[in-house]
Amino acid sequence: MRIRDWDRNLKLRLFGEALVHIAFWMFFPFMAIYFTESFGKDKAGLLLIVSQIFSVIASLMGGYCADVFGRKRMMVLSAYGQGAAFFFFALASSPWFTSPFVGYLCFTIAGICGAFYWPASQAMVADVVPEEHRSSVFAVFYMSINVAVVVGPIIGGVFYEHYLFELLLATAFLFLFLAAVLTKWLRETVPARENGELVHGKWYEFLWQQVRQYSVIVRDRIFLLFIIAGILVAQTVMQLDLLIPVYTKDTVERQTLFSFGDWSFTLTGEKAFGLLISENGLLVVLFTVWVTKWMERYHERTAFAGSSIVYGIAIFLFGQTTSIWGLILVMGLFTFGELMTVGIQQTFISKLAPEEMRGQYFAAASLRWTIGRAIAPLSITATIWLGYEWTFFLLSMLSFISAALYMIMFQLLEKRQTHKALT
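Small disclaimer: the values here were computed from a predicted structure and weren't measured.

(A) Seen up close, the pattern of salt bridges. For the structure on display, the rule yields seven salt bridges. With its nearest N and O atoms 2.8 Å apart, the salt bridge here joins Arg 187 to Asp 7. Taken together, the residues Arg 187 in the loop between α6 (131-185) and α7 (197-200) and Asp 7 in the segment before α1 (8-25) connect sequence positions 180 residues apart. Take Arg 187: its relative accessible area is 39%, and that puts it in the partly exposed class. A salt bridge links Arg 416 to Asp 220, with the shortest nitrogen-to-oxygen separation between them at 2.9 Å. Taken together, the residues Arg 416 in helix α17 (residues 378-422) and Asp 220 in the loop between α8 (203-213) and α9 (221-237) connect sequence positions 196 residues apart. Here Arg 416 falls in the partly exposed class, since its relative accessible area comes to 27%.

(B) A look at the packing of helix α12 (residues 300-318) against α17. Axis separation between α12 and α17 bottoms out at 7 Å; the angle between their running directions is 175°. Judged by the inter-axis angle, α12 sits roughly antiparallel to α17. Within the contact between the two elements, α12 uses Glu 300, Arg 301, Phe 304, Ala 305, Ser 308, Ile 309, Tyr 311, Gly 312, Ile 313, Ile 315, Phe 316 and Phe 318 and α17 uses Phe 392, Phe 393, Leu 395, Ser 396, Ser 399, Phe 400, Ser 402, Ala 403, Tyr 406, Met 407, Phe 410 and Glu 414. A class-by-class count of the residues in the contact of α12 with α17 yields 16 nonpolar, five polar and three charged.

(C) Structural detail: the packing of helix α2 (residues 31-39) against helix α5 (residues 100-128). Taken N-terminus to C-terminus, the directions of α2 and α5 make an angle of 145°; their axes are 10 Å apart at the nearest point. Where α2 crosses over α5, the two elements pack in a sense that is left-handed. Facing α2, whose interface residues are Met 31, Tyr 34, Phe 35, Ser 38 and Phe 39, α5 presents Pro 100, Phe 101, Gly 103, Tyr 104 and Phe 107. When its residues are assigned to classes, the contact of α2 with α5 shows eight nonpolar, two polar and no charged.

(D) Summary view of the confidence of the model for the protein. When pLDDT is averaged across the protein, the result is 83; 88% of the residues are at 70 or more. Ranking the helices and strands of the protein by mean pLDDT puts α12 first, with 94, and α7 last, with 46. Note on residues 194-200: pLDDT under 50 across the span, and 10 contacts to partners over four residues away in sequence or across chains.

(E) Local environment of the pairing of strand β1 (residues 255-260). The pairing of β1 with strand β2 (residues 263-267) spans five bridges and is classified as antiparallel. Within β2, the residue paired with Thr 256 across the bridge is Thr 266. Adjacent in sequence and paired antiparallel, β1 and β2 are bridged by two residues, among which Gly 261 carries a positive phi angle near 65°.

(F) The arrangement of the environment of Pro 377 in detail. In this fold, Pro 377 is placed in the loop between α16 (367-375) and α17. In this structure, the C-alpha to C-alpha distance between Pro 377 and Asp 241, residues 136 residues apart in sequence, is 9.5 Å. Ignoring any residue separated from it by four or fewer positions in sequence, one finds Pro 377 in contact with Gly 45, Leu 48, Ile 49 and Leu 242.

(G) Fine view of the environment of Leu 77. Here Leu 77 is to be found in helix α4 (residues 71-91). Accessibility expressed as a relative area gives 53% for Leu 77, which makes it exposed. Counting along the chain gives 40 residues from Leu 77 to Tyr 117, while the straight-line C-alpha distance between them is 8.3 Å.

(H) The packing of aromatic side chains, seen in detail. Across all of its chains, the model carries 35 aromatic pairs by this definition. Consider the rings of Phe 87 and Phe 88, whose centres lie 5.6 Å apart with planes at 80°: the pair is edge-to-face. Judged by its relative accessible area of 28%, Phe 87 falls in the partly exposed class. Phe 88 gets classed as partly exposed once you look at its relative accessible area, which sits at 46%. Aromatic pair Trp 294 and Phe 336: ring centres 5.8 Å apart, planes at 35°, arrangement tilted.

(I) Structural detail: a nonpolar patch on the surface. There is a patch of nonpolar side chains on the surface, built from Ile 309, Ile 313, Phe 316, Leu 317, Ile 384, Trp 385, Leu 386, Trp 390, Phe 393, Leu 394, Met 397 and Phe 400 and spanning about 1,100 Å² of accessible area. The biggest single contributor to the nonpolar patch is α17, with eight residues. Topologically, Ile 309 is positioned in helix α12.

(J) Spatial organisation of the nonpolar core. Counting residues in each nonpolar core, the largest one holds 110 residues, and the members touching the most others are Met 31, Phe 35, Phe 86, Phe 226, Phe 318 and Phe 392. Discounting residues that sit within four places of it in the chain, Phe 318 has contacts with Ile 244, Tyr 247, Leu 327, Val 330, Met 331, Phe 334 and Phe 392. Core analysis: the next-biggest nonpolar cluster, separate from the first, contains eight residues, Trp 6, Val 128, Val 129 and Phe 141 among them.

(K) Structural detail: the side chain of Thr 189. Note that Thr 189 resides in the loop between α6 and α7. Take Thr 189: its relative accessible area is 11%, and that puts it in the buried class. Of note is the side chain of Thr 189, whose polar atom sits 2.9 Å from the side chain of Asp 127. In this view, Thr 189 contacts Asn 9, Arg 71, Met 124, Asp 127 and Val 128; residues no more than four positions away in its chain are not counted.

(L) Up close: the environment of Gly 337. Inspection of the secondary structure assignment puts Gly 337 in helix α13 (residues 324-342). With relative accessibility at 0%, the residue Gly 337 sits in the buried group. Once the C-alpha coordinates of Gly 337 and Val 237 are considered, the two residues, 100 residues apart in sequence, prove to be 9.3 Å apart. For Gly 337, the contacting residues outside a window of four places in its chain are Ser 307, Val 310 and Tyr 311.

Scoring rules and cut-offs
- Residues numbered from 1 in each chain as written.
- Predicted model: local features only at pLDDT ≥ 70, side-chain atom pairs only at ≥ 80, totals over all residues.
- Heavy atoms only, no water.
- Salt bridge = Lys/Arg side-chain N within 4 Å of Asp/Glu carboxyl O.
- Helix = DSSP H or I, 4+ residues; strand = E, 2+ residues; numbered from the N terminus.
- Buried < 20%, exposed > 50% of the residue type's maximum accessible area, 1.4 Å probe, protein only.
- Axes fitted to C-alpha atoms, helices over the stretch in contact; angles between N-to-C directions.
- Parallel < 35°, antiparallel > 145°, perpendicular 65-115°, else oblique.
- Contact = heavy atoms within 4.5 Å.
- Nonpolar A, V, L, I, M, F, W, Y, C, P; charged D, E, K, R; others polar.
- Left-handed = near helix turned anticlockwise from the far one by under 90°.
- pLDDT = per-residue confidence, 0-100.
- Pairing = 2+ DSSP bridges.
- Phe/Tyr/Trp six-rings, centres within 6.5 Å; stacked < 30°, edge-to-face > 60°.
- Patch = residues over 30% accessible without salt bridge, like charges linked within 9 Å, V, L, I, M, F, W, Y side chains within 5 Å.
- Areas by Shrake-Rupley, 256 points an atom, 1.4 Å probe, with all protein chains shown as cover.
- Core = buried A, V, L, I, M, F, W, Y, C linked by side-chain atoms within 4.5 Å.
- Polar contact = N/O pair within 3.5 Å; in protein donor to acceptor, adjacent residues only side chain to side chain.

Next up, the structure:
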């Protein structure tokens, strides 16, 4: 489905959200550095955990609010909320007033608003796009985010250290601009419901219903192993925005990346991390399709266990080098671990789930990232007690344990399939 054939809602969102994503990624990868410098590693880790817990709760409520109050209303309110939060965050990081605590509160509020925005935006795609074209539309939006991941950190690496106020202010105005555009030109797409329980139910009833759905993980041993293995490997994946930026800030000294005669391109720790996160996004954009097709030749066991092993090796190597070129090579390996499973995870979940419980399985599968993201900031605190090298080593061990759990999971799955075939 070509972009010119898209519904007008999606065209507006694609270009509006692309601008917002670029602005957001100019400073977001450096927030772990900001909070660590402001509060110390011990408090920063705990504060980031609290922030993620609020976002997790908001994400559980996001689908309910999108159905009850409408897609457009939730997206507009969320965009205005994020714009206001980043505006006050900018004021709290201005030349006239500095308050890291106010900045943390604004960052948390922006995360909560974002958690309400995305369920509505995903539902809107399902509302206006035929089922056979949805995957291609989602892929384009995913691609736009990864383009922002490439461009944003490069800009942020140059300006973050001395121009955080300006970056936050630009982000605030772009979110407010997006909200104004959505208000004026976006149309509501929520389907009309006459007797839907979801619309008339209480919010706390819906929240409890969501929590009860997750109980599916304790009734399926194979799926439980899938969740646990995913949470463990997520401790490695999430460090891209948590421990790695702090590590490069603290350990990578100013180095020359290129030199031609009298001209040289040098990087500090912050700029080096901006380069690394952009490298990750660029490799995802360029090689997702190719690596996915390559991994389809192998058994899913190889993809999942192999990805965890590659992640484990990469995160261990991060703690062994402070050379920019060394970090660039390690980031390439880290990204390869990411791409090994990005194309097969959803397919595997759908195959694992009974048809009548597929929705519950997909909901429960998200626990890999929600729980993983909530726990991951502890790595920053762990560096106080263990140091960087041992913290990276511990993360690599968690990833290797994840690989072992995937192997056990597939053994149990094969036994189940054999039993079904015999009966």
